[in-house]
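Report on the structure
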Amino acid sequence: MRLKSGIACVTVFTTAVFTAPAVMAQSTGERDDSGFFVSGSYGGYKSHGGEFDDDRDLYGVSAGYQFNPFFALEADYVDFGKFGEDDVRSDLKGLALSAKGRFPLTEAFGIYGKVGAFASDMEVSAFDEKETYDEVSPFVGAGVDFMVTPSLTAFAEYNRYNVDDVDEDDFNGQVTNDGPEFDTARVGLQYMF
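As a starting point, this report considers the structure included with it. (Residues numbered from 1 in each chain as written. Predicted model: local features only at pLDDT ≥ 70, side-chain atom pairs only at ≥ 80, totals over all residues. Heavy atoms only, no water.)

Let's talk about the overall build of the protein chain
For clarity, the threshold we go by: The helix and strand labels rest on DSSP assignments: H or I over at least four residues marks a helix, E over at least two residues marks a strand, and numbering proceeds from the N terminus. Residue contacts are counted whenever heavy atoms from the two residues lie within 4.5 Å of one another. Areas reported here follow the Shrake-Rupley algorithm with a probe of radius 1.4 Å; residue values treat only the protein chains shown as occluding.
Along its length, the protein chain carries one helix and eight strands. Considering only residue pairs separated by 6 or more positions, the protein chain has 61% of its internal contacts joining residues 24 or more positions apart. As displayed, the protein chain offers around 9,900 Å² of accessible surface, 60% of which is attributable to carbon and sulfur atoms.

Examining the packing of aromatic side chains
Which entries qualify depends on this criterion: Ring pairs shown here join Phe, Tyr and Trp side chains whose ring centres sit within 6.5 Å, with only the six-membered ring taken for Trp; geometry is labelled stacked below 30 degrees between planes, edge-to-face above 60, and tilted in between. Burial classes follow relative accessibility: with a 1.4 Å probe on protein chains only, a residue under 20% of its type's maximum area counts as buried, one over 50% as exposed, and anything between as partly exposed.
With the rule as written, the count across this model stands at 15 aromatic pairs. With a centroid separation of 4.7 Å and an interplanar angle of 70 degrees, the aromatic rings of phenylalanine 36 and tyrosine 65 are classed as edge-to-face. Of the two residues, phenylalanine 36 sits in strand β1 (residues 35-48) while tyrosine 65 sits in strand β2 (residues 54-68), which places them 29 residues apart along the sequence. Note on tyrosine 65: relative accessible area 28%, which makes it partly exposed.

Some thoughts on the sheet that holds β2
Worth spelling out the cut-off: At least two DSSP bridges between two strands are needed for those strands to be called paired. Whenever a helix is involved, its axis is fitted only over the stretch in contact; in every case the axis is a line through C-alpha atoms, and angles between N-to-C directions fall within 0 to 180 degrees.
Read around the barrel, eight strands follow the order β1-β2-β3-β4-β5-β6-β7-β8 and close on themselves; strand pairing throughout is antiparallel. In this sheet, neighbouring strand axes are inclined to one another by 20 degrees on average, regardless of whether the strands run parallel or antiparallel. The sheet contact formed by β1 and strand β8 (residues 181-192) spans 12 bridges and is antiparallel. Bridging across to β8, serine 47 finds its partner in phenylalanine 182.

Some points on empty space enclosed by the protein
For clarity, the threshold we go by: Both cavities and pockets are sets of points on a 1 Å grid over the protein atoms alone; in a cavity a 1.4 Å probe fits but cannot get out, in a pocket the set is open with protein on both sides within 12 Å along at least five of seven lines, and lining residues sit with an atom within 4 Å of a point. Grid points are joined across faces, edges and corners, and a volume is the space filled by probe spheres set on the points. Basically, the charged four are Asp, Glu, Lys and Arg, the nonpolar ten are Ala, Val, Leu, Ile, Met, Phe, Trp, Tyr, Cys and Pro, and anything else, Gly included, counts as polar.
Summed over all chains, the structure comprises two cavities of 30 Å³ or more. Taken as a whole, the largest cavity encloses approximately 200 Å³ of empty space. Taken together, 18 residues make up the lining of the largest cavity; nearest its centre are Arg31, Gln66, Arg102, Asp145 and Gln190. At the level of secondary structure, the elements contributing two or more residues to the lining of the largest cavity comprise β3 (71-84), β4 (88-104), β7 (152-162) and β8. Of the residues that constitute the lining of the largest cavity, the class distribution is eight nonpolar, four polar and six charged. The volume enclosed by the second largest cavity comes to roughly 60 Å³. Contributing to the lining of the second largest cavity are Ser39, Ser41, Ser62, Glu74, Asp76, Lys100, Tyr112, Lys114, Phe155, Glu157, Arg186 and Gln190. Those elements giving two or more residues to the lining of the second largest cavity turn out to be β1, β3, β5 (109-126), β7 and β8.

A look at unusual backbone geometry
With phi around 50 degrees, phenylalanine 127 is a residue other than glycine that occupies positive phi space. Assessed through its relative accessible area of 35%, phenylalanine 127 is described here as partly exposed. Phi at aspartate 128 is positive, roughly 65 degrees, even though this residue is not glycine. Within the fold, aspartate 128 resides in the loop between β5 and β6 (129-147).

Describing a nonpolar patch on the surface
Counted only if it meets this: Only residues above 30% relative accessible area that lack a salt bridge enter a patch, with like-charged residues linked at up to 9 Å and the nonpolar side chains Val, Leu, Ile, Met, Phe, Trp and Tyr linked at up to 5 Å. One side-chain nitrogen of Lys or Arg within 4 Å of one carboxyl oxygen of Asp or Glu is enough to make a salt bridge.
Taken together, Phe103, Leu105, Phe109, Ile111 and Val144 make up a surface patch of nonpolar side chains, about 440 Å² in accessible area. Structurally, leucine 105 is set in the loop between β4 and β5.

Details of the nonpolar core
Most often, soluble globular proteins have nonpolar side chains that are buried together. This is how it is decided: Buried Ala, Val, Leu, Ile, Met, Phe, Trp, Tyr and Cys residues that are joined via side-chain atoms within 4.5 Å together make up what is termed a nonpolar core.
Counting residues in hydrophobic clusters, the biggest one holds 21 residues, and the most contacted among them are Phe80, Tyr161 and Phe182. Those elements that place two or more of their residues in this core are β3, β4, β5 and β6. Beyond its immediate stretch of four places on either side in the chain, phenylalanine 182 contacts Tyr45, Lys46, Ser47, Phe80, Phe83, Leu92, Asn159, Arg160, Tyr161 and Val163.

Below, the structure written as structure tokens:
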């Protein structure tokens, strides 16, 4: 199942990359350099950390403001879903606020980096107990984007998130204290108003 969803993501992104020049040739406009934007994305992640090691799909929606071709502020809601081992399961959702610096390589293509804060809500269920951990932690990311139309941009990005450690007194010390770290990769579309 995961292989099929990964192949679907690669197929959509590859199709967009190869059709972008044809779409751009039909468009006489230039990239919209400033304004409000929304985006949606789909991808996968690998979690690291004791009983939390797993790999799953993730979904995200974003909104933000592009000030110029080089700088934007973005709010991103990410749903990691459920992950972990049979006896230790977790459910993670969060809101990321970030500053995004972009370097245009051409009119159509650019690379960018992100740095910000991730406010997470992680619910851990283990050995018939349940605890919730809320925290704000830093995260970083990088990506590549290309213009499909002046208002529509496709992107692929990598982000690294860290979440709160499990309290060592919870679950009678049977759960690894270190909270999971997440390596994520996703593709998406951004629309600028």
